[in-house]
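# Chain and residue survey
Chain by chain, the residues run as shown.
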Amino acid sequence: MTGSNEPVHLAEPILTPQPSDAEKVTLLLQVLDLIPDFFYVQDSQLRLRYVNASVEKFWSKNRAELIGKRVSDFTEHKEAGESIERIGGLIMERGVPMITDRVPYIRESGVAGFMRRVDIPFTNTASGEKMLIGMARDITDELELQQTKEASAALRRELEIARTIQRSLQPNMQHAQKTGGAVVDLAAFCEPAAFAGGDFFDWFTAADGRIILCLGDVTGHGVGPALLAAECRAYSRVLLHQLPLGEAMQRLNELMLADLEEGRFVTFVAVAIDQQSRVAEVSSAGQGPLLLRRADGVITELEVQHAPLGIGPLGAVPPSRMVLGAGDAIVLVSDGVYEATSATEKGRFGTARMLESLSNSAGQTAAATVSQLIAAVTGFAAGQAAEDDVTVLVARGV
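Notes on the structure follow. If you're wondering where the values come from, they're calculated on a predicted model, not measured in any experiment.

## Looking at the environment of I374
Within the secondary structure layout, I374 lies in helix α12 (residues 366–381). Judged by relative accessible area, which is 13%, I374 ranks as buried. Separated by 229 residues in the primary sequence, I374 and L145 have C-alpha atoms spaced 40 Å apart. Once you skip the residues sitting within four places of it in the chain, I374 turns out to touch F189, V390 and V392.

Structural data, given as structure tokens:
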């Protein structure tokens, strides 16, 4: 500061030029034409007084052809046009804004669709006329997506129910102790590749005291095969409870032949163990490999006597017979075990790895044998999702 008494001159303020009313209108109309939704103004008779570019494009008409007309005047679909006008009339009558969902109309493709309308009634201050300003958006794809999500959620709930029911049909470990008694130690694992699967296993005591074991694998996996698996399990329970093994297998095949459509079949194996003699009979319809692991770890593959159930008549091949001594184990597996794939290795888990795991678990309980084999399969898979259902059933002599 110099201490001078001369007056200080302030800079003139910078004034931003204000748009004229005409410019404001032009800008507003440009903005409205950029909106992808339908924007419109209607008079008290629901005649169009203004439409944006989206409305012009939809009707393939310019503003001059649309202004002054009601929708029903130029649409080929009179019912849809009259429905739109009824909604507008109701809003005008009530005099309150309204959001209307699922308004039916015919899309540009000629296919029925739905739109969401937002309408606001107002009074034209210049003329005092009641009018309507609104915006509409096509929500057909949005509704279809929502319906798809709801249907998917409902299907998932149904599949969860199917999975729960299928699991409830499997015998538990408490049932295993009751069934095996002082003769065999039983354990199993069954995991479907989808919500439900075509694999199943069972064990129970027959009417004459025999311990019955079975494992089945319906072609494919999912709900369809799961239904067939439940059917086969129900049939086998009744037949194996009352009949000798060979006769039960023949009758089971006849029943499944009558029910299975072409291209469907079931691989199935049943084991009957006499609690007095410890003689085990094994009869297989296409289910293999069937493994007998002796107490010293030596593994023998048993004969598969028949073609799968549901293909044709079974032959007259009798069941295999063997004595199940203490420490010996019958091991039944589905193909999901040895056909498991890996996220890190080429090829499949294979029978060699399976046999190695089973041999190494000789002398262990049935549950330990099952756990060790499943751990080997899981480790090999390294996170790779299973392509097929995985089932293992072990009956070890005690």
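## Some thoughts on the environment of E108
Topologically, E108 is positioned in the loop between β3 (98–106) and β4 (112–123). Sequence separation between E108 and W59 is 49 residues, and the spatial gap between their C-alpha atoms is 8.0 Å. Excluding anything up to four places from it in sequence, E108 contacts K57 and F58.

## What to know about the pattern of salt bridges
This model, assessed by the stated rule, comprises 18 salt bridges. Linking R70 and E85 is a salt bridge whose minimum nitrogen-to-oxygen distance equals 3.0 Å. Of this pair, R70 sits in the loop between α3 (63–66) and α4 (71–74) while E85 sits in helix α5 (residues 78–94), and the two are 15 residues apart along the sequence. For D119, the salt bridge identified is with R117, shortest N-O distance 2.8 Å. For R117, a relative accessible area of 2% gives the class buried.

## So, the packing of helix α11 (residues 350–360) against α12
Where α11 contacts α12, the axes come no closer than 9 Å and their chain directions differ by 145°. In this structure, the crossing between α11 and α12 has a hand that is right-handed. Every residue of α12 that contacts α11 at R353, M354, S357, L358 and N360 is listed here: T369, Q372, L373, A376 and F380. Looking at the contact of α11 with α12, its residues break down into five nonpolar, four polar and one charged.

## Comments concerning α11
Owing to its 3.6 residues per turn, the α-helix aligns residues three or four sequence positions apart on the same side. Buried residues of α11: G350, M354, S357 and L358, and no others. Projected down its long axis, α11 carries its buried residues within an arc of 110°, all on one side. Counted as exposed and oriented over 90 degrees from the buried face of α11: A352 and E356. On the buried face of α11, the contacting elements are β11 (290–293), β12 (299–302), β14 (329–333), α10 (335–338) and α12.

## Here we look at the nonpolar core
Ranked by internal contacts, the top residues of the largest apolar core, which has 25 residues, are C232, L240, V266, F268 and L309. Those elements that place two or more of their residues in this core are β7 (199–205), β8 (211–218), α8 (223–242), α9 (245–259) and β9 (266–273). Ranked by the residues each element gives to this core, the list is headed by α9, at six residues. In terms of nonpolar packing, the next biggest core, distinct from the first, is built from 24 residues, I211, L215, L324 and I330 among them.

## Focus on the sheet that holds β7
Taken in spatial order, the five strands line up as β7-β8-β9-β10-β13 in an open sheet, and their pairing is antiparallel. Every other strand in the sheet has two partners, leaving β7 and β13 (320–323) as the edge strands with one partner each. Adjacent strand axes in the sheet meet at a mean angle of 15° when their direction is disregarded. Alignment of β9 against strand β10 (residues 279–285), held across five bridges, turns out to be antiparallel. Across the sheet, residue V271 finds its bridge partner in β10, namely V282. Set on the sheet, helix α7 (residues 173–180) makes contact with β7 and β8; between it and β7 the angle comes to about 45°.

## Observations concerning the packing of α8 against α9
Between α8 and α9, whose axes approach to 9 Å, the crossing angle comes to 145°. Viewed along their axes, α8 and α9 form a crossing whose handedness is right-handed. Every residue of α9 that contacts α8 at L228, E231, C232, Y235, S236, L239 and L240 is listed here: L245, A248, R251, L252, L255, M256 and D259. Of the residues assigned to the contact of α8 with α9, the class counts are 10 nonpolar, one polar and three charged.

## Some words on the side chain of S236
In this structure, S236 sits in helix α8. Residue S236 is classed as buried on the basis of its relative accessible area of 1%. Filtering out sequence-adjacent residues up to four positions away, S236 remains in contact with F204, C214, H241, L252 and F268.

## Concerning a nonpolar patch on the surface
Among the surface-exposed residues, I99, V118 and I120 lie close enough to one another that they form a single nonpolar patch of about 260 Å² accessible area. As for its position among the elements, V118 is in strand β4. We classify V118 as partly exposed; its relative accessible area is 36%.

## Quick word on the sheet that holds β4
If you walk across this open sheet you meet the five strands as β2-β1-β5-β4-β3, and the pairing is antiparallel. Strand pairing shows two members of the sheet lacking a second neighbour, β2 (48–51) and β3, which therefore form its edges. Direction aside, neighbouring strands of the sheet carry axes that sit 30° apart on average. In the packing of helix α6 (residues 140–168) onto the sheet, contacts are made with β3, β4 and β5 (130–138), and the angle to β4 comes to roughly 125°.

## Some remarks on the packing of aromatic side chains
Overall, the coordinates contain eight aromatic pairs when judged by the stated rule. Between F349 and F380, the aromatic rings sit 5.7 Å apart at their centres with planes inclined by 65°, giving edge-to-face as the arrangement. Of this pair, F349 sits in the loop between α10 and α11 while F380 is found in helix α12, placing the two residues 31 residues apart along the sequence. By relative accessible area, which is 2% here, F349 ends up buried. Classification of F380 as buried rests on a relative accessible area of 5%. These aromatic residues form a ring-pair network of at least three members: F38, F58, W59, F74 and Y105.

The rules we used
Residues numbered from 1 in each chain as written. Predicted model: local features only at pLDDT ≥ 70, side-chain atom pairs only at ≥ 80, totals over all residues. Heavy atoms only, no water. Helix = DSSP H or I, 4+ residues; strand = E, 2+ residues; numbered from the N terminus. Buried < 20%, exposed > 50% of the residue type's maximum accessible area, 1.4 Å probe, protein only. Contact = heavy atoms within 4.5 Å. Salt bridge = Lys/Arg side-chain N within 4 Å of Asp/Glu carboxyl O. Axes fitted to C-alpha atoms, helices over the stretch in contact; angles between N-to-C directions. Left-handed = near helix turned anticlockwise from the far one by under 90°. Nonpolar A, V, L, I, M, F, W, Y, C, P; charged D, E, K, R; others polar. Arc of directions from axis to C-beta. Core = buried A, V, L, I, M, F, W, Y, C linked by side-chain atoms within 4.5 Å. Pairing = 2+ DSSP bridges. Patch = residues over 30% accessible without salt bridge, like charges linked within 9 Å, V, L, I, M, F, W, Y side chains within 5 Å. Areas by Shrake-Rupley, 256 points an atom, 1.4 Å probe, with all protein chains shown as cover. Phe/Tyr/Trp six-rings, centres within 6.5 Å; stacked < 30°, edge-to-face > 60°.

Scope: geometric values only; no functional claims are made or implied.
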